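# Observations on the three-dimensional arrangement
Each chain, written out:
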Amino acid sequence: MDDKIFETKLNEFDNMTSAPEGTEEKEDLKETPEGAIDVVAPSVAEDTEEPAVKKQDKKKRKPMSAEHKEKLKENLKRGREKSIETRRRNRELRDIEKKEKLEAQEEKLLKSLQNKKNKKDQENSLLSQIQELKEKLKNKEKLETIKEEPQKKEESPQQKKEPPTPEGRPQAPPPETPAQRNKRLYKMMKGLR
């Protein structure tokens, strides 16, 4: 079994390496001057040689007349002038487009800068308002402490008044401590920054 497979593979290999049938190489026989026959192997270059391409002779042109030469020169001159004018016009159009594009970009930049400036101005105004409110609160507390101190000095043990009864007036909420006040202010300022 293995021998059959080996033989078929060997035959296939031989078929691939050998030249196809009908195209076998022919040996050339040459006679030497002494009368002996030499066997010459065919050369590969001779078989693959393509037939030489013949160059066709070009027809000779008739000589140009002076009038025709002048006409061609004028046409060439007009064509050059036209192309120069076209290039100049196209260059100007490109320059205009570039300027418009730059102006549009500059406008965008200016708008963004103005928006940033407006935001900063708003933030600064809000911060200044907060500072003013803080100062007013400090001034108000100072005034309250000043008002309370003179009352304490004026009161003497003889002139002490009876505290008002809770039934007559509703009681005020207890005074706010500085820590509570700061906490309340931070909550108010939280959304501003």
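Residues numbered from 1 in each chain as written. Predicted model: local features only at pLDDT ≥ 70, side-chain atom pairs only at ≥ 80, totals over all residues. Heavy atoms only, no water.

## Brief notes about the overall build of the chain
To keep things clear, this is the line we draw: In this text, helices come from DSSP runs of H or I with a minimum length of four residues, and strands from runs of E with a minimum of two, each type numbered from the N-terminal end. Burial status follows relative accessibility: with a 1.4 Å probe on protein chains alone, a residue under 20% of its type maximum counts as buried, one over 50% as exposed, and anything between as partly exposed. A 1.4 Å probe and the Shrake-Rupley method give the accessible areas. Residues count as covered only by the protein chains that appear here.
When you go through the chain residue by residue, the secondary structure sums to 4 helices and 2 strands. Listing each helix as α and each strand as β along the chain from the N terminus yields α-β-β-α-α-α. Out of the 193 residues belonging to the chain, those deemed buried represent 3%. Total accessible area computed for the chain in this model is approximately 20,700 Å², and 53% of it derives from carbon and sulfur atoms.

## Description of the confidence of the model for the chain
The cut-off we apply is this: pLDDT is a residue-level measure of predictor confidence that goes from 0 to 100.
Looking at the chain as a whole, the pLDDT averages 77, with 67% of positions reaching at least 70. Within the chain, no element has a lower average pLDDT than helix 2 (residues 44-47), which sits at 50, and none a higher one than helix 3 (residues 66-154), at 89.

## Some points on the pattern of salt bridges
Where charged atoms from two side chains of opposite charge approach closely, those side chains can pair. What counts here: What makes a salt bridge here is a side-chain nitrogen of Lys or Arg within 4 Å of a carboxyl oxygen of Asp or Glu, nothing more.
Summed over the entire model, instances satisfying the criterion amount to 4 salt bridges. As a salt-bridge pair, Glu 141 and Arg 181 come within 2.4 Å of each other at their nearest N and O atoms. With a gap of 40 residues between them, Glu 141 in helix 3 and Arg 181 in helix 4 (residues 178-189) connect regions that are remote in the sequence. The class of Glu 141 is partly exposed, set by a relative accessible area of 30%.

## Side note on helix 4
Under the convention used in this document: Multiplying 1.5 Å by the helix residue count minus one yields the expected span of that helix. Working note: the arc is built from the helix axis to C-beta atom directions.
Here helix 4 contains 12 residues, and its C-alpha end-to-end distance of 16 Å stays within 8% of the 16 Å for a straight helix at 1.5 Å per residue. Along helix 4, the residues that are buried comprise Arg 181, Leu 185 and Met 189. Along helix 4, the residues classed as buried sweep out an arc of 70° about the axis, all on the same side. Those residues of helix 4 that are exposed and aimed more than 90 degrees away from the buried face are Ala 179, Lys 183, Tyr 186 and Lys 187.

## Brief notes about the side chain of Arg 181
As a reminder, the rule being used: Contacts are assigned to residue pairs that have any heavy atoms within 4.5 Å of one another.
Residue classification places Arg 181 among the buried residues on the basis of a relative accessible area of 16%. Those residues in contact with Arg 181 that sit more than four places away from it in its chain are Leu 137, Glu 141 and Glu 176.

## A few points about the environment of Leu 185
Here Leu 185 is to be found in helix 4. Of the residues examined, Leu 185 reaches a relative accessible area of 14% and is grouped as buried. In this structure the C-alpha to C-alpha distance between Leu 185 and Ile 130, which are 55 residues apart in sequence, comes to 9.2 Å.

## Re a negative patch on the surface
Quick note on the threshold: Patch construction takes residues with relative accessible area above 30% that form no salt bridge. Like charges are linked within 9 Å, and nonpolar side chains (Val, Leu, Ile, Met, Phe, Trp, Tyr) are linked within 5 Å. Under this rule, positive means Lys or Arg and negative means Asp or Glu; His and the chain ends count for nothing. To locate a charge, take atom NZ for lysine, CZ for arginine, CG for aspartate or CD for glutamate.
A cluster of acidic residues, Glu 97, Glu 100, Glu 103, Glu 106 and Glu 107, forms a negative patch on the protein surface. Within the secondary structure layout, Glu 106 lies in helix 3. With relative accessibility at 48%, the residue Glu 106 sits in the partly exposed group.

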